[in-house]
Structure formats: C-alpha cells, structure tokens
Amino acid sequence: MSSDGMRTRRRGAAAAIVAASLALVASGCASSGSSSGATGSTGAAAASGDKSSTVKISLTSDGCEPKPAKVPAGAVEFDVTNSGAGSVSEAELRTSDKAHILGEQENLTPGLSGGFSLTIQPGTYKINCPGASQPDWSFTVTGQATGPSWESNPQLVTAVQGYAGYVKQNTADLVSHTKTFCKAIDAGNMNQAMMLYPQARAYYEQIEPVAEVWGSLDTSIDGRWENPVTVKSQFTGFHRLEQMLWQDKSLNGASAMCAGLVKNQQQLLTLVSKAQYNPLEMAAGATDLINEAGTAKISGEEERYSNTDLPVFEANVVASMKVVSLLQPYLQGKDAGLVPQIQQRHDAVETLLTKFKATPGYDQTGYVEYTTVTKSDRRQLSGAVNALAEAMSKMSAQVSG
Amino acid sequence: MASRDGGPVMDPARVEPAEAPAGPSRRRLLTGAGLFGAGAVAGGLTGYFTSSATEPSGAGDTSLGQQTIPFYGTHQAGIITPAQDRLAFGTMNVVSGTSRADLRDLLRVWTGAAARMAAGQLVGEETDPNAPPVDTGEAVGSPVSRLTVTIGYGPALFDDRFGLAARKPAALTDLPPLPNENLDPDYTGGDLCVQACADNPLVAFHAVRNLARIGMGVVTHNWMELGFGRTSTTSTAQATPRNLLGFKDGTRNIKAEQTELLNQHVWVGQETDQPWLRGGSYMVTRKIRMFVENWDRDYLQDQENVIGRTKVSGAPLSGGAEFSTPDFAKAGGDGQPAIPADAHIRLASPEHNGGTHILRRGYSFTDGIDPQAGTLLGGLFFIAFMKNPSQFVKLQTALAGDALNEYIHHTGSAVFAVPPGLRPGQHYGDALFT
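Source: prediction; values computed, not measured.

### Re the nonpolar core
- Leu 268, Leu 327 and Met 395 of chain A are the most contacted members of the largest nonpolar core, which totals 84 residues.
- Ranked by residue count, the leading element in this core is helix H2 (residues 154–186) of chain A, at twelve residues.
- Among all residues touching Met 395 of chain A, those that are not within four sequence positions of it are Ala 283, Ala 286, Val 323, Val 324, Leu 327, Leu 331, Leu 338 and Ile 342 of chain A.
- Counting residues in each nonpolar core, the second largest holds 78 residues, with Phe 247, Leu 277, Ile 288 and Tyr 428 of chain B among its members.

### Remarks on the packing of helix H9 (residues 338–354) of chain A against helix H10 (residues 375–392) of chain A
All names here are of chain A.
- Interhelical geometry of H9 versus H10 gives an angle of 160° and a closest axis separation of 9 Å. Between H9 and H10, the interaxial angle falls into the category roughly antiparallel. Relative to H10, the crossing made by H9 is left-handed. On H10, the residues that touch Leu 338, Gln 341, Ile 342, Arg 345, His 346, Val 349, Leu 352 and Leu 353 of H9 are Gln 380, Leu 381, Ala 384, Val 385, Ala 387, Leu 388, Glu 390, Ala 391 and Met 392.
- Looking at the contact of H9 with H10 residue by residue, the class counts come to twelve nonpolar, three polar and two charged.

### What to know about the interface of chain A and chain B
- Facing the 33 residues of chain A at the interface are 34 residues of chain B.
- Here chain A meets chain B over a buried area of about 2800 Å², counting both sides, of which 41% is carbon and sulfur.
- Where chain A meets chain B, there are one salt bridge.
- Here Arg 297 of chain B and Glu 390 of chain A are joined by a salt bridge, their closest N and O atoms 3.0 Å apart.
- Secondary structure elements with two or more residues in the side of chain A that touches chain B: helix H7 (279–297) and H10 of chain A.
- In the side of chain A that touches chain B, the residues fall into eight nonpolar, twelve polar and 13 charged.

### Focus: the pairing of strand E6 (residues 281–290) of chain B
All names here are of chain B.
- Summarising burial for E6: ten of the ten residues are buried, a large majority.
- With ten bridges joining them, E6 and strand E10 (residues 408–418) adopt antiparallel strand pairing. Each residue of the ladder has a partner; that of Ser 281, found in E10, is Val 418.

### Side note on the confidence of the model for chain A
- Overall, the predicted model of chain A reaches an average pLDDT of 85, with 86% of residues at or above 70.
- Here residues 1–50 of chain A scores under 50 on pLDDT; set against residues more than four positions off or in separate chains, the count is 149 contacts.

### A short note on helix H7 (residues 300–307) of chain B
Residues and elements named next belong to chain B.
- Of all eight residues that make up H7, six are buried, and the element is covered over most of its length.
- Along H7, the residues classified as buried are Asp 302, Gln 303, Glu 304, Asn 305, Val 306 and Ile 307.
- In this fold, the buried residues of H7 make contact with helix H6 (292–296) and helix H8 (344–347).
- Within two residues after H7, Gly 308 carries a phi angle of roughly 100°, on the positive side.

Rules used in this analysis
- Residues numbered from 1 in each chain as written.
- Chains lettered and ligands numbered in written order.
- Predicted model: local features only at pLDDT ≥ 70, side-chain atom pairs only at ≥ 80, totals over all residues.
- Heavy atoms only, no water.
- Core = buried A, V, L, I, M, F, W, Y, C linked by side-chain atoms within 4.5 Å.
- Buried < 20%, exposed > 50% of the residue type's maximum accessible area, 1.4 Å probe, protein only.
- Helix = DSSP H or I, 4+ residues; strand = E, 2+ residues; numbered from the N terminus.
- Contact = heavy atoms within 4.5 Å.
- Axes fitted to C-alpha atoms, helices over the stretch in contact; angles between N-to-C directions.
- Parallel < 35°, antiparallel > 145°, perpendicular 65-115°, else oblique.
- Left-handed = near helix turned anticlockwise from the far one by under 90°.
- Nonpolar A, V, L, I, M, F, W, Y, C, P; charged D, E, K, R; others polar.
- Buried area = accessible area lost by both parts, 1.4 Å probe.
- Salt bridge = Lys/Arg side-chain N within 4 Å of Asp/Glu carboxyl O.
- Pairing = 2+ DSSP bridges.
- pLDDT = per-residue confidence, 0-100.

Given below as structure tokens:
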C-alpha cells in the first residue's frame, strides 16, 4: 500500500488511517480472502494478542447463518459463498441495532464466493442478507477488547463505524456522479457537464481528509494547477476538466482525462473500503475540512475557473458536521458545552451562507457565482468559518482517550 | 569637502543622464564628494550610531548593539555572520534606458554607502538647511547593531542590456516549477537584491531604504520584505530560534565554524564557469506563507509528526536532545518509523538528498492580515546560500510529499548570484564589469 504515496501523517496515539487493516475483498470475483491485512493496524494491537477466527457464511434463499455464530474478539475473516440462491447476493455485518454496516460482501451471484475481514470488539452483532426468508442472524463476539482503549467504548466504536460507512458511501457516490459527469463530456454536452461538475465535486469534498491520506492519488484527482508542480502535463483530474470547461471552452482530450479520473476514484474506493479509522483522526479530519473551506474556498483558488466555490464550501461544512453528529453522544458526556458551541458557530456559518443561496443558482448549484461575493462578505464568512474550526479543534483531545 | 554646488549631491534621478552631451556626467556627480563627505559639521544629521570609541553610545545601548561586522573580507558579510535578529530585504530592477556605465557607477556608490553604514556612519552628512538631507535619518542614535549589507545579481541582469551576457554563470537561471508553489509575480525575481541584517529593525530598514534612494533613476524597487525574527542559526554560539509554527528551526543548519561544509556546499569555487563569482555564493529566497490558524488547530502530536521533532525541546522523534542526530531508520512503538516517512526533517535532510546541504538564513515575516480572509499574511521569508541553486531545487523537489505542505505555500521566489567579498578600495561590480 505504500507504492502510491500513501501518507502516514496522522499517527496518533491510536491507529492511523491505515489501508488494508480492514480488508474488504474485492467484490464479485472468487477470492481466497486471505487478506494479510486482517491484523490490527498497530504494533500495540498485535502485541495484545490477536486471535484470528474464520466464519463461514453460505448464502441461501433461507438466509445466511454464520458458522460459528460465536467467536472470540480479534481478527475475524468471513468467507461468504453463494451456492445457488438467486434472490440473495450479499451478506453484511451490522451493529446489533442494524444501524451501521461494519463489513460486507456484495454482488455474489450464484456460484461466486468472496468475503471480508475485520477486527471486531466484544458484543452482539447481526449478519444480514437482504432478500432471504430470514435476513437477520445473530452473531456474538466474546472475550476482552483488543486494540486501543477507545475500541472498548461503544459510543466511539459506533461513531467510527458510522464514519467508515459515511466515507465509503460518499466515495461510491463520487464514482457514480463522476461517471455521469463524464458521460456529458463524452457526448460533448458542455452545459450539462458544467452543471454536473460541482455535483460530483461535492462528494470528494466530503471525504477529503480521508482521500488525502493517499497523497499522490489525491493530487491526481483533485490537484490544482500548482499541484504537484506548475507543469501542464502533470495537471489532471477534476480541476483540469474544470479548466477545459470554463476557461479553455474546449473538450479536446476531456473524455480521456475524465476516464482517468474515474479510474483513480475507483482505486480510491478500493482503498477507502479497506481503511480503518479512529476517533482522533475523525475529529482532526473534521477540523481539516473547515480549514480547507476557510483557506482554499474563501480565496476562490479551489474553483478558480468555474467559480463554484460555494457548493463545495458547503460540502466541507456538511461533512465536518457529520463527524460532530457521530461523536456527539460521546462528547455530551465529556464536555457538555462543546457540541452546543460548535452548533452555534455552525449556525452562524449557515446564516451567512443563506445570503448567497439562489434558485436554481449559478450553474444550478443552488448558490450565486462566487465572484459576486464581495470582499467584506468573504471576510465575514471566513471569520465565522475560523471560529467554527477553532471550536471543532477542541474535539480531538476529548475523543482520543 | 563639499559637493560641486556646496550642497549634497543629488540622487541620480535628479541629474541628467550621462548620455546628455551638454550635461555633467552622472558618473561624476555620483562619485562627487558630497555623498560621502567626511567633513562633518555641527548641526544636521551626524553619526547615526556610535560604534567607535570616539563617540559615546546612546542611553540603553548594549555592547552587542555597538558591535560592528567588518564590511570587507573574503566573503560578503551577512552569509555566515551569526544571524542577526532583523532583516530588511529589497529587490530592485534596473530602470529602462540605464547604461552599463550607469549601473556600474551605482554599484560603486552603493559600495561606499554600504561600507559607511556597516561602520555605523550615515550615508552622508550635510548641514545645508536648503537641501534635502542626504541620509534619511531614521537610524540616527541607533546603535550599529551588527549591520551587514549583502548584494546579489539576478539572472535577468545578464540579459542584453548591460553587455553582461558573457559573464552570466551557467548555474544562474530562474528556478524551475517546484512543488507547492503558486508564485505571485509581485514577490518574484529581481535584477538586484540587497539583504540588510541587523539586531535592530530600524538599522536594517534604513540600509535598504537609503540604497534604494541613492539608486533612484537607475534602479527601482521591485519588492521588499521585512523579517522580524531570525529562524536560523548560523553559528554554534547561537541558540536555535523558533519559527511561526512554534518549532525550533535550523538545528541542523550549516554553521560558520564548519569550514569544510561551507567549502563543499556554500562557497562558489573552481567549478564555476565565471571566475568573478569564486568566493561568492548563490542565494535563493522563497516567500512562504504559513496558514498559522490551521496549524494552531492541529493537535500537538500531529504537529510533531509533521515536523519530525518535539515541539518544546526540538529533539528528533527518534530520541535524544535537540542536537542529537536524527535516526531515520528507528521504528516507533507502533512499528512505523519514529520520524514519519513524510516528516519535514526527514525529507529535507542531507541523508534523504544525497548529502545535499544548504545554509539557511531565513526570517519570520508578516504582511499583516489577508484583506479577503481576515487571516494572517505571514510565515517564513526563506533565505538560503549555496554553491549552486540546483541544491535548493533538489531539496524542494524532495519536499513534494512533505506533510507540512498542508500548512504552507510558496508565494514568492528569487535567485541571485552573490559576488565574493571586497578588499578596501574595491567596489561592487569591479570583478563583474572588468
């Protein structure tokens, strides 16, 4: 996983966002499922004694009974086989309330097998297989928690699981929306492409703290003219297409560029699916998103050709507040004043943003063109955003323990 | 001595160009006595500082403030001189229509002015109440504060304007596009540069202001930067200062005492294609904006991981004390490198760059508040000296994956050939123009 410039910047007390530690075997194809990354992501976790278990799940029209249905805490590999159930094609591991998917294997048509691996903490879970006559099956993990201390806190575990699902969903949506965007480019429909561009971009802006972990991939997807260097041949991805659409007003070479963008995003989706998160990095990532909004969007440099900075600004804010809402149950008990302060400052940002909302808006973004936002309005917005980020930055110390 | 008309010599802008057949030559006027008139008379502006034993120091002056750095020497002062606390840095472009002789004359006049200021004297003294004072006067009464004045020549000086094309060092070219830069032309390049360093901001500023004033009509300001705190150590006698990130900066810098490293990495030697530059150096400046608000929100351990050192002591994350050699191979408790793979000190290290060193001599700066964002416009005004600018290019290229890039952005850039030092009687440009 180090071959593509993955950054290991966030090496907190707990695990970093580490690829391959929560390995999800690529869907659809027969696979040994021997995921070498199934062990914990840190030496500390490994030292505390991982127990590796294998659970076999056979998809049938009746259901998806896990065998065994009870395993010790630690690394668990799920081998999923569809031996002929036409109505069932996936198995999911969910929290006991079924609110969050912790791992899954999709698109298993009859005859295919696959699986997923992850480290699971003690507790009760559900194996879910939509379409079967009994879709829910109990699954229990026993013993002592392993790994970092936060993993024994159900609120934090739920928050992290929720975040993993959020990132994965947004990345999948990023791929599908970018494909639609590329279709408009392929068809030579510039107006439609210009309308679809900010919509696809928004998904990336919601997962950016995670995507940034893989530095060179991030640059190839979202690099601006100056990243990595001001050399045209190295300028690829969203912003090169933005330049073609709004500045060059030419789609020469755009189809191939867009296809490359989708390919890189699909690689990102694979990496994201295997990534493991922790509360500290979630919290720091939320602050990073607001930093990003305050730095690259306020200046207008991010969307310098299209001037669609406002919708991506909103995407940054939305994604950071998603983290706040996920961590809220835990934070309430740690620092009762913090979440209300964040919410209050978020409200201030939203109030300022309403001034620039429009229907259908510039390029149907729901906002005015960013160039029409005056310097004093930008400064006001920047002040509100900085205040929000400052409050958010207090979360990391609360959730790291 | 008095100047031609009994008053101070006018600055070049006010005299007729040398080419004008009927007028006095600019050269003659420039080298007239008035500018450097030694005959101080009571009244007017005299003796802006008091480094010599003959003049008493002002109240509150410290012995350090009285210290002068010799202007003459093998190398220009202001390179391995123990870094002073303050910087004034100006780049200038030669005015269109200026002749080779005009430029050479200005460099001669600058030599005298710089030598005087480095010795703690005014650029000129005068008493004529009907004439504008030759010296601008703001440093009167300030101690000399180890003032150094260092000049450099930019690549553009060697174009076809002054017949210097054949004197252009092969290594003196504009820097190629580099990672994490978006350069503002308003803070990039320049035909000439003047670096003034002192332990007193007014003294440093005064030097650049007065050289620019003297140069009016021949050169015009391109851009200017003030530095308010040194971010490098250039002598083992100095404590390591902190930059605006709050970290010690320059711990592993080349020090004045490391003669061999200086010869290997800083001073231009026999390898140059231009003998006039031997004993000189190359200077690279980079205006680096730091997004300090974002940095200040990052949690401590991450800040330390980004840099590769602890914040308080400055020790490398591989252990030891500030000056312990970083152990880049050492693993941390989690099995990953103790100094992360993308830590700033790892990627910038000689170990990571085939033994490449440069001598850093940067300063913290601020241009105030970003009028659009309301955030600080400030960071590091990076200055480094090296044997060949390719050393900087190599290092900056290696920093493409620097974790610190999230918090900084290069917004200005320049490169200069810094000629060697002068002996008394020699002038800037003598070697270049001869």
